[in-house]
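Understanding the architecture of this molecule
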Amino acid sequence: MADRNPFLPVSSSDGFNPTGTQVNRRKLIKQLLTIFVGLLAVGLFAALLIGNNGSDNAHVNENEHGSLASSTSKKPESLRPVSRGPAAGVSEKSNRPFANVDGNLPWNNSMLSWQRTAFHFQPEKNWMNDPNGPLFYKGWYHFFYQYNPNAAVWGDIVWGHAVSKDLIHWLHLPLAMVADQWYDKNGVWTGSATILPDGKVVMLYTGSTAEAVQVQNLAYPADHSDPLLVHWVKYHGNPVLVPPPGIDEKDFRDPTTAWLTSEGKWRITIGSKINKTGIALVYDTKDFINYEQLDGVLHAVPGTGMWECVDFFPVSKTEENGLDTSVNGPGVKHVVKVSLDDDRHDYYAVGTYHEKNSTWIPDQHEIDVGIGIRYDYGIYYAAKTFYDQNKNRRVLWGWIGESDSEAADKQKGWASVQSIPRTILFDKKTGTHLVQWPVEEIDSLRLNSNEFNQVTIQAGSVVPLDIGPATQLDIIAKFEIDKEALEKTTGSNLTFSCSTSGGAAERGALGPFGLLVLADESLSEQTPVYFHIAKGSDGNLKTFFCNDQSRSSEASEVNKQIYGSIIPVLKGENLSLRILVDHSIIESFAQGGRTVITSRVYPTKAIYGAAKVFLFNNATDASVTASLKIWQMNSAFIRPYPNDKKS
Amino acid sequence: MKNIISFALLQIACSFTFLPVSQNSALELQGNGGNLIETTCKKTPFYNLCVSTLQSDPRGSSADVAGLARIGADKVKEKATATLGQITGLLTGAKDPKLKMALRDCVDYYNAIIKYDVPVAIEAIAKGNPKFGVQSLNDAANEADACERKFQNQPKFPISDSNKVVHDLSAVVASIVQLLL
């Protein structure tokens with residue numbers, strides 16, 4: 001206090017009269033006291049003012065280092081992960097770049113109802129997101145999903161349910177689980193199924209509690225003899241897992257399918273984050289009720305943010321079949337897959353699982369999970385695999401959201417579809433990739449076909465393909481670019497990326513070339529799916545695979561980005577393409593599924609009978625030869641399970 | 001003398017009570033969030049709008065980032081509701097069929113903001129699944145853009161100012177929710 005007072009005299013010798021009388025001294029003391037008290041008062045007042053400012057400064061300093069908010073939200077500035085390769089482009093978190101088209105086009109019912117798919121899984125109405133707990137049980141494939149029973153936007157999430165004999169023809173069943181307990185009152189979120197050795201099923205899923213804490217819950221079929229698994233029971237002692245110390249209560253979700261350890265325990269992993277490092281926590285259990293958290297994590301990658309929907313599974317290095325989740329051994333690699341909250345994309349990496357300390361190490365750190373290869377370079381998220389013991393394959397599901405406006409979703413009354421389930425295999429040729437391919441059962445939807453052999457497309461030309469209706473198609477195509485042109489073309493140092501390019505309209509020496517789907521006669525609307533070959537100044541060729549939405553619709557309120565990625569093409573490989581067109585969804589697979597792009601398009605003219613398909617070659621220096629087969633695809637007639645047959 | 005001493009003692013007594021209290025009340029006046037609003041708003045595309053909006057709400061001074069996001073979402077709904085009122089008011093008096101069409105489309109866009117985008121954002125923030133909040137608020141900004149586009153061929157855009165506020169504020173709150181990822 002005293003030191004805040006600048007007015008205290010340095011010495012008290014002023015005015016002190018060593019020879020004064022006692023009366024004078026008393027008077028002096030009185031005077032000094034008065035002055036002292038007065039100064040004290042002033043000093044106090046000054047201190048009050050200075051004190052105010054002082055605490056101001058203290059505030060500012062603290063805030064420069066972080067937030068004053070509660071410790072759980074103390075986050076230092078994050079650095080985005082370093083370059084993820086040419087395909088990443090602009091984060092889709094930013095406003096969708098709507099082209100400033102002078103279209104005064106409202107959606108009419110004809111356009112909107114055309115958008116509904118014919119053979120992709122979707123509920124009859126409302127919103128869907130993540131695939132949940134897929135499994136094969138007593139002759140039926142089961143599919144559960146995040147569902148909003150009340151609106152065409154995310155919210156009030158419960159578990160929808162459907163069954164199928166062949167992963168294609170789905171029948172809707174009643175909701176499997178609703179938000180009827182305190183531990184999932186705010187959401188029955190994503191989870192996975194584990195089939196026990198005796199054939200019984202257990203389901204682990206995330207609940208958002210009444211206090212919005214993320215916990216893990218156990219559920220199981222009410223009646224194991226019901227092949228339709230209509231009714232589900234939640235374990236009375238839920239939750240079985242709560243956020244551990246050091247983990248935020250809102251960063252703990254999406255438990256995986258369990259796998260057996262050599263000690264005979266079940267092991268699961270759950271994604272989370274610490275600051276901006278994405279991590280996968282590991283737990284062991286014997287009964288799915290009591291868990292023991294392992295020290296450390298399965299894996300972590302700095303800068304990737306929250307890891308949602310972690311998936312962890314083995315793939316065979318040599319065989320063309322899937323592996324049960326518990327398989328391990330010399331001929332096996334393990335895949336870690338994450339859904340990154342930060343950029344809404346799914347990433348995977350191939351590596352080695354070390355069971356002893358339950359860690360996983362990627363084969364190549366530069367393409368570690370979250371900073372390397374994506375399952376799909378379009379709109380695709382929250383993917384999950386399961387081991388299909390019926391056909392000895394690993395099958396992948398992925399959520400495909402909408403890329404139109406929520407007003408349009410509200411108007412049409414629904415939002416989101418699932419991808420066609422894909423088989424997953426290790427790509428032996430590259431050693432780094434997985435190959436994905438639509439399950440073979442989809443071939444059962446093929447109707448009549450048209451074949452085109454060795455069609456030459458000159459540089460800068462478009463070839464219409466007369467195939468009749470063109471909104472439900474399965475296209476298989478091979479392309480060969482003129483070899484002479486490949487050799488003659490001078491390379492350049494320019495880097496290419498699908499997302500930053502001018503799309504299919506931007507001509508290069510050796511590309512783009514491919515197909516135009518959902519295009520109208522006048523090509524005022526078109527969605528090119530294509531290859532672009534870039535030749536470096538060193539003569540090396542790089543191939544890119546892109547999907548260009550920039551002219552997919554004359555409507556302005558839709559995503560107009562160009563999706564795509566570089567794709568490894570090995571010596572002796574032709575360029576191959578498979579495209580599934582199903583109204584407003586296009587799934588395209590290049591090089592046997594080594595690189596996949598899914599997109600949603602919403603044309604206003606290229607719909608119903610007006611939709612057409614073209615071959616195109618917009619390269620300047622090379623002609624391209626294409627051979628293709630195009631099938632009309634039947635509807636899968638996805639509908640409610642017939643009431644009279646339900647249990 | 002006695003008076004002076006008692007006065008002095010009184011002063012000293014007061015100083016021990018007032019000084020620490022004055023420090024505390026200084027903090028309280030600032031609020032825990034006084035500078036959190038500023039640092040958060042620096043990460044948004046419209047700093048001034050962000051600061052004035054968040055400061056105008058009594059909850060702002062003591063909110064954490066999620067709380068600020070919630071306030072922001074409430075404000076978007078408030079502004080959008082007011083703008084929707086303007087639009088419907090204009091509709092009743094409008095005679096030109098093209099103007100009516102544009103206004104009706106804007107009614108749809110604003111209904112989407114009020115009935116869908118904002119409620120989804122609020123739920124996403126509260127339940128810890130912020131990515132849906134970012135998407136919804138970006139959508140809200142896009143809906144406002146879409147409304148403006150409907151007036152491209154019109155001589156005037158009568159709700160231009162309030163529409164811009166809705167757009168900009170949505171973008172601001174989207175950036176705040178992004179911090180929760």
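Since the model is a prediction, treat every value here as computed from it, not as a measurement. (Residues numbered from 1 in each chain as written. Chains lettered and ligands numbered in written order. Predicted model: local features only at pLDDT ≥ 70, side-chain atom pairs only at ≥ 80, totals over all residues. Heavy atoms only, no water.)

This brings us to the overall build of chain A. When helices and strands are tallied, chain A shows four helices and 37 strands. Looking at chain A as a whole, 58% of its 647 residues qualify as buried. Of the contacts formed within chain A by residues at least 6 apart in sequence, a portion of 65% connects residues at least 24 apart. Working note: accessible area of chain A is about 25,600 Å², and carbon and sulfur atoms make up 53% of it. (Helix = DSSP H or I, 4+ residues; strand = E, 2+ residues; numbered from the N terminus. Buried < 20%, exposed > 50% of the residue type's maximum accessible area, 1.4 Å probe, protein only. Contact = heavy atoms within 4.5 Å. Areas by Shrake-Rupley, 256 points an atom, 1.4 Å probe, with all protein chains shown as cover.)

Within the structure shown, the criterion is met by six cavities of 30 Å³ or more. Residue lining of the second largest cavity: 13 residues in total, with D130(A), T190(A), D254(A), N129(B) and K131(B) positioned closest to the centre. Secondary structure elements with two or more residues in the lining of the second largest cavity: strand 1 (126–137), strand 5 (188–195) and strand 14 (307–316) of chain A together with helix 6 (130–150) of chain B. Across the lining of the second largest cavity, the residue classes break down as four nonpolar, four polar and five charged. (1 Å grid on protein atoms, 1.4 Å probe; cavity = no way out; pocket = protein on both sides within 12 Å on 5 of 7 lines; lining within 4 Å. Points joined across faces, edges and corners; volume = space filled by probe spheres on them. Nonpolar A, V, L, I, M, F, W, Y, C, P; charged D, E, K, R; others polar.)

Attention now moves to the side chain of S635(A). Residue and element names in this part refer to chain A. Inspection of the secondary structure assignment puts S635 in the loop between strand 36 (624–633) and strand 37 (639–640). Here A118 takes part through its backbone oxygen, which lies 3.4 Å from a polar atom of the side chain of S635. Polar side-chain contacts of S635 include one of 2.9 Å to the backbone nitrogen of F637. Among all residues touching S635, those that are not within four sequence positions of it are A118, L445 and Q472. (Polar contact = N/O pair within 3.5 Å; in protein donor to acceptor, adjacent residues only side chain to side chain.)

A few words now on the domain arrangement of chain A. Residue and element names in this part refer to chain A. Each assigned domain of chain A is listed here: domain 1 (127–438) and domain 2 (446–633). Taking the mean C-alpha position of each, domain 1 and domain 2 sit 32 Å from one another. Contacts between the two partners involve 28 residues from domain 1 and, on the opposite side, 26 residues from domain 2. Here domain 1 meets domain 2 over a buried area of about 2,100 Å², counting both sides, of which 57% is carbon and sulfur. Together, Y377, S403 and W437 form the three largest contributors to the area buried by domain 1 at its contact with domain 2, with a combined 31%. With its nearest N and O atoms 2.8 Å apart, the salt bridge here joins E587 to R422. For the interface between domain 1 and domain 2, the tally reads 15 residue pairs in polar contact (both at pLDDT 80 or more). At five residues, the largest contribution of residues to the side of domain 1 that touches domain 2 is made by strand 24 (residues 434–438). Taken together, the residues of the side of domain 1 that touches domain 2 break down into 12 nonpolar, nine polar and seven charged. (Domains from an automatic or database assignment. Buried area = accessible area lost by both parts, 1.4 Å probe. Salt bridge = Lys/Arg side-chain N within 4 Å of Asp/Glu carboxyl O.)

A separate point is the confidence of the model for chain B. All names here are of chain B. Residue-level pLDDT values for chain B average 88, and 81% of them are 70 or greater. pLDDT under 50 marks residues 19–31. Its contacts with residues more than four places away, or in other chains, come to 16 contacts. In the predicted assembly, ipTM is 0.81 and pTM is 0.84. (pLDDT = per-residue confidence, 0-100.)

By secondary structure assignment, the location of T209(A) is in the loop between strand 6 (201–208) and strand 7 (214–221). In this structure T209(A) touches W182(A), Y183(A), D184(A), N186(A) and V215(A), once residues within four positions along its chain are discounted.

Here we take up the state of the cysteines. Residues and elements named next belong to chain A. Taken as a whole, this structure holds three disulfides over all chains when the rule is applied. Disulfide pairing places C498 opposite C546 at an S-S distance of 2.2 Å. The sign of the S-S torsion, about -70 degrees, decides the handedness of the disulfide formed by C498 and C546: left-handed. Taken together, the positions of C498 in the loop between helix 4 (483–488) and strand 28 (510–519) and C546 in strand 30 (residues 541–548) put the pair 48 residues apart, joining distant regions of the chain. With respect to class, C498 is no different from C546; both count as buried. Assigning the bonded cysteines of chain B consecutive numbers by sequence position, one obtains the connectivity 1-2, 3-4. (Disulfide = S-S within 2.5 Å.)

Here the focus is the UniProt feature "domain: Glycosyl hydrolase family 32 N-terminal" (unreviewed entry) in chain A. Mapped onto this numbering, the UniProt entry annotates "domain: Glycosyl hydrolase family 32 N-terminal" (unreviewed entry) at residues 120–438 of chain A. Across residues 120–438 of chain A one finds 2% helix and 48% strand; the C-alpha atoms that close the span lie 11 Å apart. (UniProt positions renumbered as here; feature names shortened; annotations may be inferred.)

Moving on, we get to the packing of helix 3 (residues 47–55) of chain B against helix 7 (residues 160–178) of chain B. Residues and elements named next belong to chain B. The contact between helix 3 and helix 7 brings their axes to 10 Å, and the two run at 85 degrees. Taken together, helix 3 and helix 7 sit at an angle that is classed as roughly perpendicular. Where helix 3 approaches helix 7, its residues L49, C50, T53 and L54 are matched on the opposing element by V165, D168, L169, V172 and I176. Of the residues belonging to the contact of helix 3 with helix 7, the class tally is seven nonpolar, one polar and one charged. (Axes fitted to C-alpha atoms, helices over the stretch in contact; angles between N-to-C directions. Parallel < 35°, antiparallel > 145°, perpendicular 65-115°, else oblique.)

Our next topic: the packing of aromatic side chains. All names here are of chain A. As enumerated under the stated definition, the model contains 37 aromatic pairs over all chains in all. Taking 6.3 Å as the distance between ring centres and 80 degrees as the angle between the ring planes, the aromatic pair formed by Y375 and Y380 counts as edge-to-face. The residues Y375 and Y380 share a single accessibility class, namely buried. Feature note: the residues F121, F143, Y145, Y147, W170 and W397 constitute an aromatic cluster, connected by ring pairs. One Lys or Arg, R116, reaches over the ring of W414 and ends 5.4 Å from the middle of that ring. The aromatic ring of W414 is capped on one face by K412, whose charged end is 4.5 Å from the ring centroid. (Phe/Tyr/Trp six-rings, centres within 6.5 Å; stacked < 30°, edge-to-face > 60°. Lys NZ or Arg CZ within 6 Å of the ring centre and 35° of its normal.)

Below, the discussion takes up the environment of V336(A). Its location among the elements puts V336(A) in strand 15 (residues 332–340). With residues near it in sequence (within four places) discarded, V336(A) still touches L298(A), D311(A), F312(A), Y347(A), Y348(A), A349(A), W360(A) and V369(A).

The next point concerns the sheet that holds strand 31 (residues 562–567) of chain A. Residue and element names in this part refer to chain A. With respect to topology, six strands assemble into an open sheet ordered 26-35-28-29-30-31, the strand pairing being antiparallel. Of all strands in the sheet, those bounded by a partner on one side alone are strand 26 (461–465) and strand 31. The average undirected angle you get between the axes of adjacent strands in this sheet is 15 degrees. Sheet topology places strand 28 next to strand 35 (residues 612–617); five bridges connect them, and they run antiparallel. (Pairing = 2+ DSSP bridges.)

Moving on, we get to the pattern of salt bridges. All names here are of chain A. Within this structure, the stated rule accounts for 43 salt bridges over all chains. Across the salt bridge formed by E308 and R253, the nearest N and O atoms sit 2.8 Å from each other. Placement of E308 in strand 14 and of R253 in the loop between strand 8 (232–234) and strand 9 (259–260) is noted, with a sequence separation of 55 residues between them. The buried category is assigned to E308, whose relative accessible area is 2%. Taking relative accessible area as the criterion, R253 reaches 2% and is therefore assigned buried. Through salt bridges that share partners, D388, K391, R393, E440 and E441 make up one connected network.

Take the pairing of strand 19 (residues 381–388) of chain A next. All names here are of chain A. Of all eight residues that make up strand 19, eight are buried, and the element is covered over most of its length. Bridging between strand 19 and strand 20 (residues 393–400) involves six bridges; their strand directions are antiparallel. Bridge pairing in strand 20 places K384 opposite W397. Linking strand 19 back to strand 20 in an antiparallel pair, the connection comprises four residues, with N392 at a positive phi of about 55 degrees.

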